[in-house]
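Secondary and tertiary structure notes
Take a look at the letters that make up each chain.
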Amino acid sequence: MSERGSNLSVSQRLYRTLWRWHFYAGIFCIPFVITLSVSGALYLFKPQFEAFTDRHLHNIAAQQQQRLSINEVIARARASLPGAQFLSYELPQSEREAALVNLRFEGQKYQVFVNPYSGEVLSQVLFDQRFMRQVREFHGELMAGKAGSILVELAACWAIILILTGVYLWWPRNAQGMAGVLYPRLHQSKRIFWRDLHAVTGFWLSAFTLFLLLSGLPWALVWGGAFKEVRSWSSPPVQQDWNQSRAEEKKSWGPMAVDNVFISEQALVQIEALNFAPPVEVSVADPDLGTLKVSSQAQNRPLRADAWIDGTSGEVLRQKTFAERPLVDKVIGVGIAAHEGHLFGWLNQLLGVLVTLGLVLLSVTGAVLWWRRKPSDKLGAPAALPKTSLARVVGIMILALGVLLPVVGISLLVLWFIELVILRHIPRLRYWFGLA
């Protein structure tokens, strides 16, 4: 063993090894953490933002004439886009709210808002052009399709390693009091100030951040796709109500696209009597039998429910509530609702904002700590220690995480290949990365 590592105890070597993993994970994750935190914080307020931008559609003047039938409203919407297919009708939540009809036209999903009294088409909106839809796509795919989705998943999975190693580094050793452990020492040296601000913030955010990362995995392209594939082997196969990418979502859009739809007044009365949590969508489940599907699309997913209704008689054929779903779906549904900020109202949104702001602070303080200690001629990673049994144990632990998080495992193989083929033969690069 070289002199550099021979005088260190086992705990010191473990600390240095995990610090090194923490450093490299942080260097990679910081830009993504900031980007995803800001976009995620914006998306938390999707209901409020869309209520504001669509306020003119939720406050139309009630008129003397009788409201048009639901079939007439759908016909007016389709007439505005000749050849469009019907996807779904969203129940208005008040007498002064425009009717919303979702259509499929030329391979795209359109939202058409119709005045239910006059039949005037008030607005046509390409679904993918809506601002919050684009924020969601940026948050999940960086507007780069599958490649962006994999990159976001890679950053999220490495962020899990970042948090786990960070908690170990934070763990108090010979601490005298709670200063620097549970609250930062603001009046010490600059080094201690930035170190405490980073470590203490990281500790308080660790559990919340792990929750956000783990609850986002079902959406991830690789992890979520593998999870969905495994579940498809069950009998009967489980149908999830979330997708792994925008491309996958675009293939189905949930409701079936049909040319003909009929919803009788009796059926409409029964649909409204279900009193599902809004927004409530009515779509065609079986065009041959005239069966309709009524679905609550509430962002608080535990409130969601589905019902299948005869489109002519209004008879309720069957219902399915959130409580009837498989346990895994219920756990994931609760996680998604909390992730999006809608599980327990405005407090959930406030908590989400505080966590995302904290993650930005954590990223900034981490960058400052790195820059302050970075030598001018190298990246500034903690020096690599000689290979020991301890290093191998840590490596095995990281590899185990790589099995649970496939993109981490793949990235480790790529890094190993780069070190073997490139870095090992270029001394200057090995020095710059702290490998020599």
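What follows concerns the sheet that holds strand E4 (residues 121-126). If you walk across this open sheet you meet the eight strands as E4-E3-E2-E1-E5-E6-E7-E8, and the pairing is antiparallel. The sheet terminates laterally at E4 and strand E8 (316-321), the two strands that pair on one side only. Averaged over all pairs of adjacent strands, the angle between their axes in this sheet comes to 25°, without regard to strand direction. Against the sheet, helix H10 (residues 265-273) contacts strand E5 (280-286), strand E6 (291-296), strand E7 (305-310) and E8, and its axis sits at roughly 160° relative to E7.

Now for a nonpolar patch on the surface. Taken together, Ile410, Val414, Leu415, Trp416, Phe417, Ile418, Val421, Ile422, Ile426 and Leu429 make up a surface patch of nonpolar side chains, about 880 Å² in accessible area. Counting residues per element, the nonpolar patch draws most heavily on helix H14 (residues 406-421), at seven residues. Along the chain, the position of Trp416 falls in helix H14. The class for Trp416 is exposed, based on a relative accessible area of 52%.

Let us now look at the state of the cysteines. Here the structure, examined in full by the defined rule, presents zero disulfides. Between Cys157, a free cysteine, and Cys29, which holds the nearest cysteine sulfur, the sulfur-to-sulfur gap is 9.5 Å.

So, on to helix H12 (residues 345-373). Taking 1.5 Å of rise per residue, the 29 residues of H12 would be expected to cover 42 Å, and the 43 Å separating its terminal C-alpha atoms lies within 8% of that figure. Asn348, Gln349, Gly352, Val355, Thr356, Gly358, Leu359, Leu362, Ser363, Thr365 and Gly366 are the residues of H12 that are buried. Those residues of H12 that are buried lie in contact with helix H2 (10-43), helix H3 (46-53), helix H7 (190-216) and helix H11 (327-339).

Analysis parameters
- Residues numbered from 1 in each chain as written.
- Predicted model: local features only at pLDDT ≥ 70, side-chain atom pairs only at ≥ 80, totals over all residues.
- Heavy atoms only, no water.
- Pairing = 2+ DSSP bridges.
- Helix = DSSP H or I, 4+ residues; strand = E, 2+ residues; numbered from the N terminus.
- Axes fitted to C-alpha atoms, helices over the stretch in contact; angles between N-to-C directions.
- Contact = heavy atoms within 4.5 Å.
- Patch = residues over 30% accessible without salt bridge, like charges linked within 9 Å, V, L, I, M, F, W, Y side chains within 5 Å.
- Areas by Shrake-Rupley, 256 points an atom, 1.4 Å probe, with all protein chains shown as cover.
- Salt bridge = Lys/Arg side-chain N within 4 Å of Asp/Glu carboxyl O.
- Buried < 20%, exposed > 50% of the residue type's maximum accessible area, 1.4 Å probe, protein only.
- Disulfide = S-S within 2.5 Å.
- Expected span 1.5 Å × (residues − 1).

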